[in-house]
Amino acid sequence: GIKTYEQVEHCLSKGVKGVMVGREILNRPWYWADVDRRIYKLPNPGISRREILKRYSDYAELELRNNAKLGHGTILKPILNLFVGEKGARVYRRTISEMSAKKVRPVATILDAAIAALSDEDLDRIW
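As a starting point, this report considers the structure included with it. A quick note: this is a predicted structure, and the numbers were derived from the prediction, not measured.

1. Details of the overall build of the protein chain
Across its full length, the protein chain holds 8 helices and 0 strands. The helix and strand sequence of the protein chain, counted from the amino end, reads α-α-α-α-α-α-α-α. C-alpha extents for the protein chain along the principal axes are approximately 50 × 35 × 25 Å. Expressed as a percentage of its 127 residues, the buried residues of the protein chain come to 31%. Roughly 8000 Å² of accessible area belongs to the protein chain as shown, and the carbon and sulfur atoms make up 55% of that amount. Measuring between centres, the 23 positive side-chain charges of the protein chain sit 6 Å from its 16 negative side-chain charges.

This is how it looks when you write it as structure tokens:
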């Protein structure tokens, strides 16, 4: 499967109209946050992972409130790997997983506990 920008650029250079990266987005979402600049030659949105988590927390809380069948693990899965490769990433993931299993609410409580393992530099970095 496609795992790097270089592979995407190679496919596009061969005349392919689109490239699907699929699960790679879930595996390394921050890596792919540079897609606007790298592939489309557009400016990136310019938001930090701290801001992403704030927005996602609001979104997740709304979705959990509106869909009783939706579980914590499902709604929080897209942000589990947001810090892959960063110091504290394992503690961040473990905290989310453990607190999700306990159905802690609001979601912001889970994310606040999880980001305690991360540096401000990693949280506030912008592409």
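So, next bit.
2. Some remarks on the layout of surface pockets
A volume near 330 Å³ is recorded for the largest pocket. Along the walls of the largest pocket sit 18 residues, with P29, W30, W32, A33 and I52 positioned nearest its centre. Elements with a minimum of two residues in the lining of the largest pocket: α2 (24–27), α3 (35–38) and α4 (49–66). Counted by class, the lining of the largest pocket contains 15 nonpolar, 2 polar and 1 charged residues. Taken as a whole, the second largest pocket holds about 170 Å³ of empty space. Contributing to the lining of the second largest pocket are V8, L12, K17, G18, V19, V21, I25, W32, V35, I39 and Y40. Its residues assigned to classes, the lining of the second largest pocket comprises 9 nonpolar, 1 polar and 1 charged.

3. Some points on the packing of α4 against helix α7 (residues 107–115)
It is the contact of α4 with α7, at a shortest axis distance of 8 Å, that shows an interaxial angle of 150°. With respect to α7, the axis of α4 lies roughly antiparallel. The hand of the α4/α7 crossing is right-handed. On α7, the residues that touch R50, L53, S57, A60, E61 and L64 of α4 are V107, A108, L111 and I115. Here the residues of the contact of α4 with α7 are counted per class, giving 7 nonpolar, 1 polar and 2 charged.

4. Considering the pattern of salt bridges
When charged atoms on two side chains of opposite charge get close, those side chains can pair. Enumeration according to the criterion identifies 15 salt bridges in this entry. We note a salt bridge from E6 to R38, for which the minimum N-O separation is 3.3 Å. You can see E6 sitting in helix α1 (residues 5–13) and its partner R38 sitting in helix α3, a full 32 residues away along the chain. E6 gets classed as partly exposed once you look at its relative accessible area, which sits at 46%. With its nearest N and O atoms 3.2 Å apart, the salt bridge here joins R125 to E86. A residue pair is termed long-range when its members are at least 10 positions apart, and R125 in the segment after α8 (120–124) and E86 in the loop between α5 (72–76) and α6 (89–101) qualify at 39 residues. According to the relative accessible area criterion, R125 is partly exposed, its value standing at 30%.

Reading the values: rules and limits
- Residues numbered from 1 in each chain as written.
- Predicted model: local features only at pLDDT ≥ 70, side-chain atom pairs only at ≥ 80, totals over all residues.
- Heavy atoms only, no water.
- Helix = DSSP H or I, 4+ residues; strand = E, 2+ residues; numbered from the N terminus.
- Buried < 20%, exposed > 50% of the residue type's maximum accessible area, 1.4 Å probe, protein only.
- Areas by Shrake-Rupley, 256 points an atom, 1.4 Å probe, with all protein chains shown as cover.
- Lys, Arg positive; Asp, Glu negative; His and termini not counted.
- Charge placed at Lys NZ, Arg CZ, Asp CG, Glu CD.
- 1 Å grid on protein atoms, 1.4 Å probe; cavity = no way out; pocket = protein on both sides within 12 Å on 5 of 7 lines; lining within 4 Å.
- Points joined across faces, edges and corners; volume = space filled by probe spheres on them.
- Nonpolar A, V, L, I, M, F, W, Y, C, P; charged D, E, K, R; others polar.
- Axes fitted to C-alpha atoms, helices over the stretch in contact; angles between N-to-C directions.
- Parallel < 35°, antiparallel > 145°, perpendicular 65-115°, else oblique.
- Left-handed = near helix turned anticlockwise from the far one by under 90°.
- Contact = heavy atoms within 4.5 Å.
- Salt bridge = Lys/Arg side-chain N within 4 Å of Asp/Glu carboxyl O.

Everything listed is a geometric property; what it means functionally is a separate question.
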